[in-house]
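Fold and geometry: a report
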Amino acid sequence: MLSEYLPVVIQLLIAIGFAAFVLIVTHILGPKRYDPIKHDTYECGVDYYGNAQRKFAIKFYIISVLFVLFDVEVIFLYPWAINLVDLGWQGFWGMFVFLGILTFAILFAWKKGALEWE
Amino acid sequence: MHTELWSLIIEKTIFGVILLAAIMTGAAYVTLAERKVASWFQDRIGPNRAGPLGLLQPLADGIKFFLKEDMIPKNVHKAFYLLAPGIAAIPPLLIAASIPWGNQIELLGKAIKLQMIDLNVGILFIFAFASIGVYGVMLGGWASNNKYSLMGGLRSSSQMISYELAQGTAVVGVLLLAGTLSLDEIVKQQDSLTKWYVWRQPIGFFIFFVASLAELARVPFDLPEAENELVGGYHTEYSSMKFGLFQVSEYIHLIVTSALISTLYFGGWQIPFVDIASNSSFIYGVLGVISLLLKTVFFIFVFMWLRWTLPRFRYDQLMSLGWKFLLEAAFVWIVITAILVLAFPWYKTWF
């Protein structure tokens, strides 16, 4: 157990160390010349108005909610997939019904217009 | 016990550092390869000034990235703005560590496995970390406080999560045949040319490949960086190595995804007609690594080839393809594979 998951921690530390090292080194090495125009938000040279962190289309929220729902269900397929031979036809029909419900859910979201982008 | 633990830590740390160096060098040269391939497709010469044939170009680019001004625009959300490139760079490195780059080699009388993170839930681990990559993009786009960046980040993250679903579902076909989530086991099962899973999973492979293209945000799915609409997408406000980290992580992700496709469907480090798994000598281990690298390079080339061949999708077409076609196709393919596995036992054992 430990010997399996210890490398994850080691690699995570190496990766974090690498990212931090790069960000710090580039901060030290580069020149720093402040310029009010250079340090301003770049929107194609057009004067920007207001704040960008504001309301955006609800479609993105809907897609992420659908993703969370379906991703959980896809992960539910993994243990079933690796044990299918032991589960036999009973396991197959169980998952067939489950996939049917999932497909029905997608069709429902589709019909409700959650997947439309016009 | 303690000496065992320490030797494990030392071995894995050395492995991790070597892997990091190798993968960074690889990513640097993939950027050069991308420019060279582009120049061949467009009948021009491409970078040829730095070193012979432009081979030192990545080094020059790297130095230049480090020496550029590390600029923090005044309107950004500083903490998240600085955190985002780091978060983007970490997941691909962890995924790289969990791919079996080779079987094993004997060094100093010790058999060293050429896979740093060998979990029995390897595929789950990879998909988990692939999802975390979305945070870097989303945070970068949001913290930049730039409308183009925000749009780029939003597009990018909803595209990535949509296609991750199709990718995760397509891989179930391989799991049905392999009966394991461990990548090492999956490679060991594909021990002859006919046993490569691509022959039994052609549609699963196709769905996985298309979804990978979209995950990587490469043409024809490169909407997050549609430069004629969004300036530079989520990294518009980034300069110096902060931008460099985004780019490097993108190319590491390209390498890692190509390696993953080779591992799942094309036998990983196996070589047709050569038995590597039961041969632990040094030369066989190295041959295995070369085999996987060749397959990986082939897929990287295919990704570049597509880039200069296909036009870009429109955003609604992209989302329709992911949700209305690929996901359903993957569900149908799972049912077909499950029926084949249960009704015809030879489908699982194959010949």
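Structural notes, computed from the coordinates. These numbers were taken from a predicted model, which means no experiment stands behind them.

1. Focus on the overall build of chain A
Helix and strand content of chain A: three helices and zero strands. The order of helices and strands in chain A, counted from the N terminus, is α-α-α. Here chain A has a C-alpha radius of gyration of 25 Å; the compact-globule value for 118 residues is 13 Å, and the former is much larger. When the backbone C-alpha atoms are referred to their principal axes, chain A occupies close to 70 × 50 × 15 Å. In chain A, which comprises 118 residues, the proportion classed as buried is 35%. Taking as baseline every contact in chain A between residues at least 6 positions apart, the subset at least 24 positions apart corresponds to 53%. Taking the average place of the 8 positive charges on the side chains of chain A and the average place of its 10 negative ones, the gap between the two points comes to 10 Å.

2. Re the overall build of chain B
Assigned secondary structure in chain B consists of 14 helices and two strands. With respect to the principal axes defined by its C-alpha atoms, chain B has extents near 60 × 50 × 50 Å. Across the 351 residues that make up chain B, the buried fraction comes to 59%. Look at the contacts in chain B between residues 6 or more apart in sequence, and 78% of them connect residues 24 or more apart. When the accessible surface of chain B is summed, it comes to about 13800 Å², and 72% of that surface belongs to carbon and sulfur atoms. Separation between the mean location of the 24 positive side-chain charges and that of the 23 negative ones in chain B comes to 5 Å.

3. Section: the pattern of salt bridges
Residues and elements named next belong to chain B. Taken as a whole and assessed by the stated rule, the structure comprises eleven salt bridges over all chains. Here Asp70 and Lys242 are joined by a salt bridge, their closest N and O atoms 2.5 Å apart. Separated by 172 residues along the polypeptide, Asp70 in the loop between α2 (57-67) and α3 (78-97) and Lys242 in helix α11 (residues 240-265) bring together distant segments of the chain. One exposure class covers both Asp70 and Lys242, and it is buried. As a salt-bridge pair, Lys113 and Asp184 come within 2.7 Å of each other at their nearest N and O atoms. Of this pair, Lys113 sits in strand β2 (residues 110-113) while Asp184 sits in helix α7 (residues 183-189), and the two are 71 residues apart along the sequence. Look at the salt bridges and you will find they share partners, linking Lys113, Asp118, Asp184 and Lys188 into a network.

4. Description of the interface of chain A and chain B
Contacts between the two partners involve 71 residues from chain A and, on the opposite side, 86 residues from chain B. Summing the contributions of chain A and of chain B, the shared interface buries around 7000 Å²; its carbon and sulfur component is 75%. It is Gln11(A), Gln53(A) and Tyr78(A) in chain A that bury the most area against chain B; as a group they hold 10% of the surface buried on that side. Summed over the shared surface of chain A and chain B, the result is two salt bridges. We note a salt bridge from Glu69(B) to Lys38(A), for which the minimum N-O separation is 2.7 Å. Seen at the junction of chain A and chain B, the total is ten residue pairs in polar contact (both at pLDDT 80 or more). Among the elements of the structure, α1 (2-29), α2 (58-82) and α3 (84-111) of chain A are those that each provide at least two residues to the side of chain A that touches chain B.

5. Some points on the pairing of strand β1 (residues 104-107) of chain B
Residues and elements named next belong to chain B. Of the strand pairs in this sheet, β1 and β2 are connected by four bridges, and their pairing is antiparallel. Counterpart to Glu106 in the pairing with β2 is Ala111. Between the antiparallel neighbours β1 and β2 lie two residues, among them Leu108 with a positive phi of about 50°.

6. Here we look at the nonpolar core
Ile123(B) and Leu264(B) are the most contacted members of the largest nonpolar core, which has 141 residues in total. With 14 residues, α11(B) is the largest single contributor of residues to this core. Look past the residues within four positions of Ile123(B) in its chain and what remains in contact with it is Tyr78(A), Val171(B), Leu175(B), Leu181(B), Leu183(B), Ile186(B) and Leu264(B).

7. Comments concerning a nonpolar patch on the surface
Together, Ile24(A), Ile28(A), Leu29(A), Tyr29(B), Leu53(B), Leu55(B), Leu56(B), Leu59(B), Ile63(B) and Leu67(B) give the surface a local cluster of nonpolar side chains, amounting to about 990 Å² of exposed area. Assignment of secondary structure puts Leu29(A) in helix α1. Note on Leu29(A): relative accessible area 45%, which makes it partly exposed.

Criteria and cut-off values
Residues numbered from 1 in each chain as written. Chains lettered and ligands numbered in written order. Predicted model: local features only at pLDDT ≥ 70, side-chain atom pairs only at ≥ 80, totals over all residues. Heavy atoms only, no water. Helix = DSSP H or I, 4+ residues; strand = E, 2+ residues; numbered from the N terminus. Rg over C-alpha atoms; globule rule 2.2 N^0.38 Å. Buried < 20%, exposed > 50% of the residue type's maximum accessible area, 1.4 Å probe, protein only. Contact = heavy atoms within 4.5 Å. Lys, Arg positive; Asp, Glu negative; His and termini not counted. Charge placed at Lys NZ, Arg CZ, Asp CG, Glu CD. Areas by Shrake-Rupley, 256 points an atom, 1.4 Å probe, with all protein chains shown as cover. Salt bridge = Lys/Arg side-chain N within 4 Å of Asp/Glu carboxyl O. Buried area = accessible area lost by both parts, 1.4 Å probe. Polar contact = N/O pair within 3.5 Å; in protein donor to acceptor, adjacent residues only side chain to side chain. Pairing = 2+ DSSP bridges. Core = buried A, V, L, I, M, F, W, Y, C linked by side-chain atoms within 4.5 Å. Patch = residues over 30% accessible without salt bridge, like charges linked within 9 Å, V, L, I, M, F, W, Y side chains within 5 Å.

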